[in-house]
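Each chain, written out:
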Amino acid sequence: MPPEPDRSRSGLGDAEDHRAAGRVVVIGSLNVDSTSYVDAFPAPGETILARGFEVALGGKGANQAVAAHVAGARVEFVACLGDDASGAFACDTLERLGLSIAAVRRIPNASTGVAQITVAESGENTIIVTSGANLALTPVLIDAERERIAAATVVLTQGELAVATIEHLALVSNELGARFVLNLAPPAPVAAEALGVADPLVLNEHEARAVGIGTDAPGSTNLDEWRALAASAVGAVARSVVVTLGAAGAVAADAGGSWAAPAPRVTAVDTTGAGDGFTGTLAAFLAEGRPLPEALDLAVAAGALAVQARGTVDSYAPRVEVLAAAGVADRASAS
Ligand code: RIB
């Protein structure tokens, strides 16, 4: 197996040159991930020995914020952490990766969110999240961030926040004219009105079925069939829709058309956080004015690069590598 790329010091490449390109405000979750690397997942009741163990920054919000930053967006990250050692570790890591912690709140007597992750030799994972301080990110805090939301090009959140918070953020973003991108991972019972302003609503195939897109679609449904399903949900479920399909690639649809982006064939080492790499990259390139099909190609390239290295934020490739992998020319603004 070829050696994994070392991105642990975040290697931004020329991303700094593009900071003015798009302002992405991520209002989302943060966890500290405890990951065990095993040959195969244990069966219920079974005890197995891991081959390795890592503690690292995680949470879909933090991962997506880092991915958007590495892709070249100007990122502001709003999150709630505990006042514990994990919260201190998370703040240090965010700063090491070049993100501001100005909008990260430490909640007294709360525990930082944690995720217990198992990664098998196949690269697949299982994840259990204990939300902790993430649930302190309430609609009241969304109102406290109205100025930041109004100044955003894109506002991005995930299904790891409380449903009432996601719904309020959707409506406030829409009211203030920011493009609202919702990654409904994990699936959550968000009201149709809030889903309806998502542009795009980003889902994997299981999450898509949970919101009624391709509910009866068998596992064998191909990329082009998913493209048609995404197209049928435009206007009915969300303003635009993106469905990720793992190693097959992803599809997108908006009022102007629908597109399929096959993923390159790669050897997956660790799929953890690859969907977040995809979503953060998508948000970053949408924020700099790239059309949806181009942002889709770039996000698929970013996801394919991320699965080739271990971990979440340390697996995200810099902008220059993502552009090269997607065969897309660089420019600070495509609008
Ligand atoms: O998508 C991967 C992430 O899911 C992990 O970092 C974990 O914290 C959970 O939020």
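Just above sits the structure.
Everything numeric here is computed off the predicted structure, so don't read it as measured data.

Asks: Is there a simple way to think about unusual backbone geometry in this case?
Replies: Where the residue is not glycine, phi is negative for most of them; where a peptide bond is considered, it is trans in most cases. Residue P186 is bonded to the preceding A185 through a cis peptide linkage, with omega at -5°. Locating P186 in the fold gives a position in the loop between β9 (179–183) and α6 (192–196). In this structure, P200 follows D199 across a cis peptide bond, with omega equal to 10°. Tracing the chain through its elements places P200 in the loop between α6 and β10 (201–204).

Asks: When you look at the site of the ligand in this model, what are you seeing that I'm missing?
Replies: In the vicinity of the ligand there are 13 residues, among which D33, G59, K60, E160 and D276 approach most closely. Within the contact set of the ligand, an oxygen atom lies 2.7 Å away from a side-chain nitrogen or oxygen of D276. In isolation the ligand exposes 280 Å². Once the protein is present, 97% of that is buried. When residues of the shell around the ligand are traced back to their parent elements, those giving at least two are β2 (31–37), α1 (60–70) and β7 (125–130).

Asks: Hey, could you run me through the pattern of salt bridges in this one?
Replies: Opposite charge on two side chains makes pairing possible when the charged atoms of those side chains draw close. In the structure shown here, the tally under the stated rule is 16 salt bridges. The salt bridge partner of E145 is R148, with a shortest N-O separation of 2.6 Å. Taking the relative accessible area as the measure of exposure, E145 reaches 5% and is therefore buried. Ionic pairing is found between D224 and R227, a salt bridge with its closest N-O pair at 2.8 Å. Pair noted here: D224 and R227 are both in helix α8 (residues 223–233), with a separation of three residues, about one helical turn. Taking the relative accessible area as the measure of exposure, R227 reaches 22% and is therefore partly exposed.

Asks: Explain α1 here, please?
Replies: In an α-helix, one full turn covers 3.6 residues, which means residues spaced three or four apart are oriented alike. With eleven of its eleven residues buried, α1 lies for the most part within the structure. Residue G72 follows α1 closely and has a positive phi angle near 115°.

Asks: What should I look at first to understand the nonpolar core in this one?
Replies: In a soluble, globular protein the nonpolar side chains are often hidden away together inside. Counting residues in hydrophobic clusters, the biggest one holds 56 residues, and the most contacted among them are V24, L57 and F77. Looking at this core element by element, the count peaks at ten residues for helix α10 (residues 292–306). Ranked by size, the runner-up nonpolar core spans 43 residues in total, among them L141, I149, V155 and A233.

Asks: Which parts of the structure should I look at to understand the sheet that holds β7?
Replies: The strands that make up a sheet pair up through hydrogen bonds in the backbone, lying either parallel or antiparallel. A sheet is described by the order of its strands in space; here four strands give the open sequence β3-β2-β6-β7, paired in mixed fashion. A strand with exactly one partner marks an edge of an open sheet, and here the two such strands are β3 (52–58) and β7. The average angle at which neighbouring strand axes cross in this sheet is 20°, direction not considered. Packing of helix α2 (residues 85–96) onto the sheet brings it into contact with β2 and β3, and relative to β3 it is tilted by some 75°.

Asks: I'm lost on the sheet that holds strand β4 (residues 74–82) in this one. Help?
Replies: Read across the sheet, nine strands follow the order β5-β4-β1-β8-β9-β10-β11-β12-β13 without closing on themselves; strand pairing throughout is mixed. Strand pairing shows two members of the sheet lacking a second neighbour, β5 (104–107) and β13 (257–262), which therefore form its edges. Pairs of neighbouring strands in the sheet enclose a mean axial angle of 15°, with direction left out of account. The pairing of strand β12 (residues 249–254) with β13 spans six bridges and is classified as antiparallel. The residue of β13 that forms the bridge with A253 is S258.

Asks: Can you help me understand the environment of A324 in this one?
Replies: Note that A324 resides in helix α11 (residues 319–326). For A324, a relative accessible area of 60% gives the class exposed. For A324 and T47, which are 277 residues apart along the polypeptide, the C-alpha to C-alpha distance reads 44 Å.

Asks: Looking at this structure, I do not really get the packing of α1 against helix α9 (residues 274–287). What am I missing?
Replies: Helix packing geometry: the angle between the two helix axes and the distance between the axes. For the pair α1 and α9, interaxial distance at closest approach is 7 Å and the crossing angle is 50°. It follows from the interaxial angle that α1 and α9 lie oblique. Relative to α9, the crossing made by α1 is right-handed. Counted together, K60, N63, Q64, A67 and A68 of α1 and D276, G277, T279, G280, T281 and A284 of α9 form the full contact between these two elements.

Asks: Which parts of the structure should I look at to understand the environment of R290?
Replies: Here R290 is to be found in the loop between α9 and α10. Looking at R290, the relative accessible area reads 2%, which means it is buried. Along the sequence, R290 and R331 sit 41 residues apart, while their C-alpha atoms lie 9.8 Å from each other. One polar contact links R290 to E288, side chain to side chain, over a distance of 2.9 Å.

Asks: Mind showing me how you'd approach a nonpolar patch on the surface here?
Replies: A cluster of nonpolar residues, F53, V55 and F89, forms a patch on the protein surface that exposes about 270 Å² of accessible area. Along the chain, V55 turns up in strand β3. The exposure class of V55 is partly exposed, given its relative accessible area of 44%.

Reading the values: the criteria
Residues numbered from 1 in each chain as written. Predicted model: local features only at pLDDT ≥ 70, side-chain atom pairs only at ≥ 80, totals over all residues. Heavy atoms only, no water. Helix = DSSP H or I, 4+ residues; strand = E, 2+ residues; numbered from the N terminus. Near = heavy atom within 4 Å. Polar contact = N/O pair within 3.5 Å; in protein donor to acceptor, adjacent residues only side chain to side chain. Areas by Shrake-Rupley, 256 points an atom, 1.4 Å probe, with all protein chains shown as cover. Salt bridge = Lys/Arg side-chain N within 4 Å of Asp/Glu carboxyl O. Buried < 20%, exposed > 50% of the residue type's maximum accessible area, 1.4 Å probe, protein only. Core = buried A, V, L, I, M, F, W, Y, C linked by side-chain atoms within 4.5 Å. Pairing = 2+ DSSP bridges. Axes fitted to C-alpha atoms, helices over the stretch in contact; angles between N-to-C directions. Contact = heavy atoms within 4.5 Å. Parallel < 35°, antiparallel > 145°, perpendicular 65-115°, else oblique. Left-handed = near helix turned anticlockwise from the far one by under 90°. Patch = residues over 30% accessible without salt bridge, like charges linked within 9 Å, V, L, I, M, F, W, Y side chains within 5 Å.

Just distances and angles here, no functional claims.
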